Amino acid sequence: CLLLALSACGNPGADAENSGGTEEPTQQETLVEYAVEGLGTFTLPEGFTQEAGEIAEPLPTTYATFEKDGYYIQANRFGTDAYEMAGVPLPADLEDYSTRSGVQDSVPEGTVFDYDDYGNYAAQFIQENGQLCYYVLLQGEESFGSIYLTAPKDQFDADTVAQWLSGSVLE
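Criteria and thresholds
Residues numbered from 1 in each chain as written. Predicted model: local features only at pLDDT ≥ 70, side-chain atom pairs only at ≥ 80, totals over all residues. Heavy atoms only, no water. Pairing = 2+ DSSP bridges. Helix = DSSP H or I, 4+ residues; strand = E, 2+ residues; numbered from the N terminus. Buried < 20%, exposed > 50% of the residue type's maximum accessible area, 1.4 Å probe, protein only. Contact = heavy atoms within 4.5 Å. Polar contact = N/O pair within 3.5 Å; in protein donor to acceptor, adjacent residues only side chain to side chain. Core = buried A, V, L, I, M, F, W, Y, C linked by side-chain atoms within 4.5 Å.

Visitor: Break down the sheet that holds strand E10 (residues 169-170) for me, citing the residues and quoting the values.
Guide: A sheet is described by the order of its strands in space; here three strands give the open sequence E1-E2-E10, paired in antiparallel fashion. Because the sheet does not close on itself, it has two edges, and the strands there are strand E1 (31-36) and E10. For E1 and strand E2 (residues 40-45), the ladder comprises six bridges, and the chain directions are antiparallel. Directly across from Glu-33, in E2, lies its bridge partner Thr-43.

Structure, rendered in structure tokens:
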């Protein structure tokens, strides 16, 4: 159970709530930095609402959510304290992190992570509710985490969201 908590999981319940936008993203959008203390910096188009917080149980986790026009993004960070509490070693790298049960339990069976054209170590899949998901794994200096972006099919452009997320950095 604790190992599952060492990965980011999307918020499937939020997907149904956030499927009503009609604006499509364009690569010409100006990206701005959204800094979240204890988590990292994320590059997204201007106008996303942002909420952030920390969870102490079952393991220390820092998270943030961003929403705009049907896009829902959840970012999570687990530091060395979380891995120590769980009694498991910090992953060696992103490839190792992608094989951890928490990450694997967050994606459909058979999902493959790979590097995209922007350097993200990511996987793309369709959720049961029809939302498209772009799931990026991140490595900080002494932390691992992820960004889980969902959007309706008619708004989702993998190249655009990959570009948005490529500037994101964990603390």
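Once the structure has been displayed, the description carries forward.
Visitor: Quick rundown of the pairing of strand E4 (residues 61-68)? Include the residues and the values.
Guide: Buried residues dominate E4, accounting for six of its eight residues. Judged from the seven bridges that link them, strand E3 (residues 49-55) and E4 form a sheet pairing that is antiparallel. The residue of E4 that forms the bridge with Glu-54 is Thr-62. Strand direction decides the pairing type here: E4 and strand E5 (residues 71-79), joined by seven bridges, are antiparallel. Paired with Lys-68 across the strands is Tyr-71, a residue of E5.

Visitor: An account of helix H5 (residues 158-165) is needed here, citing residue identities and associated values.
Guide: Residues of H5 that are buried: Thr-160, Val-161, Ala-162, Trp-164 and Leu-165. Buried residues along H5 sit in contact with E1, E2, E5, strand E8 (132-139) and strand E9 (143-151).

Visitor: So, the side chain of Gln-127: which residues are in play, and what are the values?
Guide: The residue Gln-127 is located in the loop between strand E7 (121-126) and E8 in this model. At 2.8 Å, the side chain of Gln-127 forms a polar contact with the side chain of Tyr-148.

Visitor: Provide a residue-level description of the nonpolar core, including the pertinent values.
Guide: Ranked by size, the top nonpolar core spans 25 residues in total, and within it Phe-42, Leu-44, Phe-48, Phe-66, Tyr-134, Ile-147 and Leu-149 carry the most contacts. Looking at this core, the elements that each hand over two or more residues are E1, E2, E4, E5, E8, E9 and H5. Not counting chain neighbours up to four residues away, the residues in contact with Phe-66 comprise Tyr-34, Val-36, Phe-42, Leu-44, Phe-48, Thr-49, Gln-50, Tyr-71, Tyr-72 and Ile-73. Counting 19 residues, the second-largest nonpolar core is a separate cluster that includes Leu-94, Phe-113, Tyr-135 and Leu-137.

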